[in-house]
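# Per-entry structural report
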Amino acid sequence: MQQEVKQAGKKAGMALTVVSGQMVVAWLVFVGSALLFFWMTRVVFVEQEKELDQAAFAWADQFANPETTQVMYFITFFGSKNFLIYGSLALAAFFLLFKKWRFYSLKVIAISATTTLFNQTMKWLFGRPRPETAFLEQGGNSFPSGHAMIGGAFWGLLVYLVWTNVPQRWARWLLCGLLGAWILLIGFSRVYLNVHYASDVLAGWGAGFFWLMLSIFLLNRLRQRKGRKAGQVLEE
């Protein structure tokens, strides 16, 4: 009996350690993302520094060739409006098929819709023109990057879902690592194609991850509140 109690206590302690660690990481991402966005805003609109953007264009230009350009066109599609609209709807529909995952459908649609609205509002407020050296014609303003912000929130949500649902530790780390690399590649494609400044991309990631963490927190609280209300109804 004592041995069973010790084992149960040990498991509870390990679970508490994991939860505490995840909370620390979540807060670091939340605060770090906000700081990154405000830092980029200050650099671009207050200090009006151009060194970062010029250095990023020069670095990306080292990889420029027809083959790489075609690859970048392919990668950048997965942060585009067309992909994110249909991708979000398809993912939400997929989660509706499974009862235990149906609440994720609300997360996908709510986060995608609000991040898009948030991004377009900021583009209008900041009104930064796109680079004149763009490889392809793009409408709208430049700051913050929609591919980085909306795409970062979409693919970042997949990171969260993988981390909280995949039981195997090695698979969790592998999939999250691949998704993280994919987010970086989408951002790099925007700089490589000259449709965004590097500061646009960094600000997009900052705003996107900040909004993602806040949305997940609020939606989880909403689910807990609904669960408590359902429990009270059953007890009455």
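Values in this document were obtained by computation on a predicted structure and should not be read as measured data. (Residues numbered from 1 in each chain as written. Predicted model: local features only at pLDDT ≥ 70, side-chain atom pairs only at ≥ 80, totals over all residues. Heavy atoms only, no water.)

Put simply, the largest pocket is a space of about 1,300 Å³. As for the largest pocket, its lining consists of 31 residues, and the residues nearest its centre are Gln22, Val25, Ala26, Tyr160 and Met213. Elements with a minimum of two residues in the lining of the largest pocket: helix 1 (2-46), helix 6 (146-165), helix 7 (169-192) and helix 8 (198-235). Considering every element that reaches the lining of the largest pocket, the biggest residue donor is helix 8, with 11 residues. Here the residues of the lining of the largest pocket sort into 21 nonpolar, 8 polar and 2 charged. As a volume, the second largest pocket reaches approximately 670 Å³. What lines the second largest pocket is a set of 30 residues, and nearest its centre among them are Gly79, Ser80, Lys81, Gln120 and Ile150. Of all elements in the fold, only helix 3 (66-77), helix 4 (81-96), helix 5 (102-126) and helix 6 reach the threshold of two or more residues within the lining of the second largest pocket. Considering every element that reaches the lining of the second largest pocket, the biggest residue donor is helix 5, with 9 residues. Taken together, the residues of the lining of the second largest pocket sort by class into 11 nonpolar, 15 polar and 4 charged. (1 Å grid on protein atoms, 1.4 Å probe; cavity = no way out; pocket = protein on both sides within 12 Å on 5 of 7 lines; lining within 4 Å. Points joined across faces, edges and corners; volume = space filled by probe spheres on them. Helix = DSSP H or I, 4+ residues; strand = E, 2+ residues; numbered from the N terminus. Nonpolar A, V, L, I, M, F, W, Y, C, P; charged D, E, K, R; others polar.)

Counted by the stated rule, this structure contains 3 salt bridges. Residue glutamate 47 is joined to arginine 42 by a salt bridge in which the shortest nitrogen-to-oxygen separation is 3.1 Å. Looking at arginine 42, the relative accessible area reads 46%, which means it is partly exposed. Taken together, the shared-partner salt bridges connect Asp53, Arg128 and Asp200 into one network. (Salt bridge = Lys/Arg side-chain N within 4 Å of Asp/Glu carboxyl O. Buried < 20%, exposed > 50% of the residue type's maximum accessible area, 1.4 Å probe, protein only.)

Since the α-helix turns once every 3.6 residues, residues separated by three or four places project in the same direction. Spanning 25 residues, helix 5 covers 37 Å between terminal C-alpha atoms, matching the ideal 36 Å at 1.5 Å per step. When we look at burial in helix 5, the residues that qualify are Phe103, Tyr104, Ser105, Lys107, Val108, Ile111, Ser112, Thr115, Asn119, Met122 and Lys123. (Expected span 1.5 Å × (residues − 1).)

Our next topic: the confidence of the model for the protein chain. Mean pLDDT for the protein chain: 85, with 86% of residues reaching 70 or above. Mean pLDDT across the secondary structure elements of the protein chain bottoms out at helix 1, with 71, and peaks at helix 7, with 95. In this model, residues 8-18 is a region of pLDDT below 50 whose contacts with residues beyond four sequence positions or in other chains number 0 contacts. Contacts of residues 229-236 to residues separated by more than four positions or lying in other chains number 0 contacts, the stretch itself having pLDDT below 50. (pLDDT = per-residue confidence, 0-100. Contact = heavy atoms within 4.5 Å.)

Bringing the environment of glutamate 132 into the picture now. When you line up the elements, glutamate 132 lands in the loop between helix 5 and helix 6. For glutamate 132, a relative accessible area of 83% corresponds to the exposed category.

Before going further, it helps to spend a moment on the packing of aromatic side chains. In the structure shown here, the tally under the stated rule is 30 aromatic pairs. Seen in terms of ring centroids, phenylalanine 45 and phenylalanine 143 are 5.0 Å apart; in terms of plane orientation they differ by 85°. Their pairing is edge-to-face. Placement of phenylalanine 45 in helix 1 and of phenylalanine 143 in the loop between helix 5 and helix 6 is noted, with a sequence separation of 98 residues between them. On the basis of relative accessible area, phenylalanine 45 is assigned to the partly exposed category, the value being 29%. Residue phenylalanine 143 is classed as buried on the basis of its relative accessible area of 0%. For the pair phenylalanine 83 and tryptophan 155, a centre-to-centre distance of 5.8 Å together with 5° between the ring planes defines the contact as stacked. Within this pair, whereas phenylalanine 83 is found in helix 4, its partner tryptophan 155 is found in helix 6, the two being separated by 72 residues in sequence. Accessibility expressed as a relative area gives 17% for phenylalanine 83, which makes it buried. (Phe/Tyr/Trp six-rings, centres within 6.5 Å; stacked < 30°, edge-to-face > 60°.)

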